[in-house]
Amino acid sequence: MLTEFFGASTLEAILLTLKLAFITSGLLLLIALPLAWFLAKWQSKAKPLVMSILALPLVLPPTVLGFYLLIAFSPQSALGQGWQSLIGSNLAFSFEGLVLGSVIYSLPFALQPLYSGFSQLDNRYLDVAKTLGFSAFEAFIKIVIPLSKAPIVVALGLSFAHTIGEFGVVLMIGGNIPGETQVLSIALYEQVEALEYNSAHNLALALLIFSFVMLAALYRFNGVARSDEAR
Amino acid sequence: MQISALLPNRINAQISLQPQSRFIGVTGPSGAGKSSLFRALAGVEKSAKVQTPWTSQKVGIVFQQPMLFPHTDVCGNLALAQRHASPNAMSIDACLRGCYCEHLIDKPVQALSGGEAQRVAIARALVNGPDVLLLDESLSAIDIFTRRKIYQFLNNLCVSGKLTCLVISHDLDDLALFSDELVFIDQGRTELCGKTRDVLTQVFAKEGFATPSSVLEGFKVTAQSEARDSNQSQNAVVSYKHGIQTQQDQNVLTLQGNDQCQSENGIERVEVAGHEIFVTAESVSYLPKQSAEQVSVRFAVKACDVSVDTNTADFGSASTISILNALPCVISSIEPVANSLSPLNVEENNADTKLADTKLTPKKLATVNSAKVLIKLDVLNSNQTLYASISCISLSRLKLDVGVQVIARFKLP
């Protein structure tokens, strides 16, 4: 039924996009959790500088970021060369390159809610945990993460949704290789270019509904979590 | 026992305590640095330099805000505290019983009232088995009856040597009743430190309390001690030598069916300076045992509950009034009490008045704008002190003055 509605190549793009979004948001959670915790506790004059660098993808035109990433991924660069000698394939125009680009591009969307949640967490919970004999790592796992359920879900949701809707960076570093780098937004662009408006309508509507449901679920979860905290 | 804590620009406290003190009260005005001191002692202030005798011991802290982990219920909070509990820690059941919160075990944290959450927070700290427990106004939201029972439970742990408690409170009656020693903190420094009775006297003088509490210590009258004394007297021993007469046997009011009353009515009998005093069970706190035969106890008496009787000849026969307790005393000072509506004002003809001149005699009374006076009474044959807050009319009518011997009568504390 889905194949009939979207077409085989679009369905392939949907599955690739979901795969990319799951891997990216999973990796982002692993990276952003300790990074946000460190930043929330870190006191230094250099902190605004570091925060600005990490938040750059929020304001930078995706094509600018994509351009720099394309240069970094090329076989002439240290990163591209290192990847090629290690894996044996190009980083640019590959799914792996797409994952790396997506992680960098969506990092602030995962980082900001976590940083904000950790900054607002009452430190006395950690003081109590310390006097109860918890190590810093154990307190983070047993106390901080369960208490930060809402920011973690928001971070996951935002980074997942943002990866699904990614266009500029993917176009620059991934190109448009079906089954390898052709994600939903690129497929939609191609359908419009080919004047296949019916398929484009179907895909655009599906993306619209998905984005709306995702945001509504996040707002709902956040509201429930806040009222739980307030009680 | 020496404790010192230094937090730059916040506290610089040096506290010297007796090694046997196990329940230490800490008080002082808001913003004095008490909480910072406790945070430093608990090891959660990174910049603090602290020296305590508990370096190898487990220190627990309970804040005024209970800080129960909201992602789990009461049972979950206790289970988390038990993960790293000392081998000799009390069981969860014993802690819940002691803190009067067994019925809350399955409740979500969000469903607890402020007082309930404080009780659970104390139980959680005890489940972890600390050697030293710091309570930072941790019982402030608990009703007085439950609070006293929890203090008694904690005090019993202290008396049995299982725990050392440091307690911040603004309730001087609670501290008077349970503290072995009292520390008064102001502006980050230790202003006063020492035996509760002595520090309280200074605090009351310093802060000008209208109805301070005095702390009396004595021995609990048990069936054993009664049997021991029965050869000497039918009633409790009274060796009231007043320069006029010695009274025995008739001096203490004995309740009918006294033993029954003691157990059924929750009344304890305490021997203070040779006189039997009746005290409600919840108002008594136990002191570390000094001898196998005697159980030392302490209780507090509010100044407003003490009346002064000049008829010293009828010490033990005042059977026409409901006040049970009587102690022979000598007046050691009389101080005016500031009127809350019109502050203490010595008239202009005493313009050069200094603090010492505010000691009142009936003659001076007429010049002072104060409705009440605070009388300090030294209990005869003892180094203990009582306060009585009486009206200036009574002071004048009874011709009370420093050195006059009186009977202090007070209600069941």
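Residues numbered from 1 in each chain as written. Chains lettered and ligands numbered in written order. Predicted model: local features only at pLDDT ≥ 70, side-chain atom pairs only at ≥ 80, totals over all residues.

Looking up chain B in an unreviewed UniProt entry gives the name Molybdenum ABC transporter ATP-binding protein, with the organism given as Alteromonas marina.

Named according to an unreviewed UniProt entry, chain A is Molybdenum transport system permease originating from Alteromonas marina. Quoted verbatim from the Function (unreviewed entry) field of the UniProt record, the comment on chain A reads "Part of the binding-protein-dependent transport system for molybdenum; probably responsible for the translocation of the substrate across the membrane." UniProt annotates chain A under Sequence similarities (unreviewed entry) with the comment "Belongs to the binding-protein-dependent transport system permease family. CysTW subfamily." (UniProt positions renumbered as here; feature names shortened; annotations may be inferred.)

1. Quick look at the overall build of chain B
Helices and strands together make up the secondary structure of chain B, namely 11 helices and 21 strands. Put simply, of all contacts in chain B between residues at least 6 apart along the chain, 70% involve residues at least 24 apart. (Helix = DSSP H or I, 4+ residues; strand = E, 2+ residues; numbered from the N terminus. Contact = placed C-beta atoms within 7 Å.)

2. Section: the environment of lysine 302 of chain B
Residue and element names in this part refer to chain B. One can find lysine 302 in strand β16 (residues 296-302). The exposure class assigned to lysine 302 is partly exposed, which follows from the 18 C-beta atoms found within 10 Å. Linking lysine 302 and serine 213, residues 89 residues apart in sequence, is a C-alpha distance of 4.2 Å. Setting aside residues up to four positions removed in sequence, lysine 302 forms contacts with Thr211 and Ser213. (Buried ≥ 20, exposed ≤ 12 C-beta atoms within 10 Å, placed from the backbone.)

3. Here's the deal with the interface of chain B and chain A
Contacts between the two partners involve 16 residues from chain B, matched on the other side by 16 residues from chain A. Elements that contribute at least two residues to the side of chain B that touches chain A include exactly β5 (59-62) and α2 (74-82) of chain B. Of all the elements, β5 of chain B adds the most residues to the side of chain B that touches chain A, at three residues. Among the residues forming the side of chain B that touches chain A, the class breakdown is 10 nonpolar, six polar and no charged. (Nonpolar A, V, L, I, M, F, W, Y, C, P; charged D, E, K, R; others polar.)

4. Observations concerning the domain arrangement of chain B
Residues and elements named next belong to chain B. Domain parsing of chain B yields domain 1 (2-207) and domain 2 (267-339 + 368-410). Between the C-alpha centres of domain 1 and domain 2 the distance comes to 31 Å. At the junction of the two partners, domain 1 supplies 14 residues and domain 2 supplies 10 residues. Of all the secondary structure elements, the ones that give two or more residues to the side of domain 1 that touches domain 2 are α5 (144-159) and α6 (172-178). For the side of domain 1 that touches domain 2, the leading source of residues is α5, giving seven residues. (Domains from an automatic or database assignment.)

5. Looking at the sheet that holds strand β18 (residues 325-337) of chain B
Residues and elements named next belong to chain B. Pairing is antiparallel in the open sheet, where five strands are placed in the order β17-β21-β18-β19-β20. Looking at which strands have only one partner, the edges of the open sheet turn out to be β17 (306-309) and β20 (385-391). Taken pair by pair, the neighbouring strands of this sheet meet at an average axis angle of 45°, ignoring direction. The pairing of strand β19 (residues 372-379) with β20 spans seven bridges and is antiparallel. When the sheet's bridge partners are listed, leucine 377 is paired in β20 with leucine 386. (Pairing = 2+ DSSP bridges. Axes fitted to C-alpha atoms, helices over the stretch in contact; angles between N-to-C directions.)

6. Quick look at helix α4 (residues 62-73) of chain A
Residues and elements named next belong to chain A. In this model, α4 (12 residues) spans 16 Å end to end at C-alpha, consistent with the 16 Å of a helix rising 1.5 Å per residue. The complete set of buried residues in α4 reads Gly66, Leu69, Leu70 and Phe73. Viewed end-on, α4 has its buried residues packed into an arc of 105°, placing them on one side of the element. On the buried face of α4, the contacting elements are α5 (78-87), α6 (95-120) and α10 (168-174). (Expected span 1.5 Å × (residues − 1). Arc of directions from axis to C-beta.)

7. Notes on the pairing of strand β10 (residues 213-220) of chain B
Residue and element names in this part refer to chain B. Sheet analysis places β10 next to β16, joined by seven bridges and oriented antiparallel. Of the residues in β16, the one forming a bridge with leucine 216 is phenylalanine 299. Note that β10 and strand β13 (residues 267-272) share two bridges and pair antiparallel. Counted as the bridge partner of lysine 220 is valine 270 from β13.

8. Some details on the nonpolar core
Judged by nonpolar contacts, the single largest core of 122 residues is most densely connected at Ala123, Leu134, Cys165, Leu386, Ala388 and Ala408 of chain B. Take this core: its biggest share by element is eight residues, from helix α4 (residues 114-127) of chain B. The residue makeup of this core includes at least three contributed by each of domain 1 (2-207) and domain 2 (267-339 + 368-410) of chain B. Ignoring any residue separated from it by four or fewer positions in sequence, one finds alanine 408 of chain B in contact with Val306, Val308, Leu327, Cys329, Leu377, Leu386 and Ala388 of chain B. Residues Leu114, Leu158, Val183 and Ala187 of chain A belong to the second largest nonpolar core, which totals 46 residues. (Core = buried A, V, L, I, M, F, W, Y, C linked by C-beta atoms within 7 Å.)

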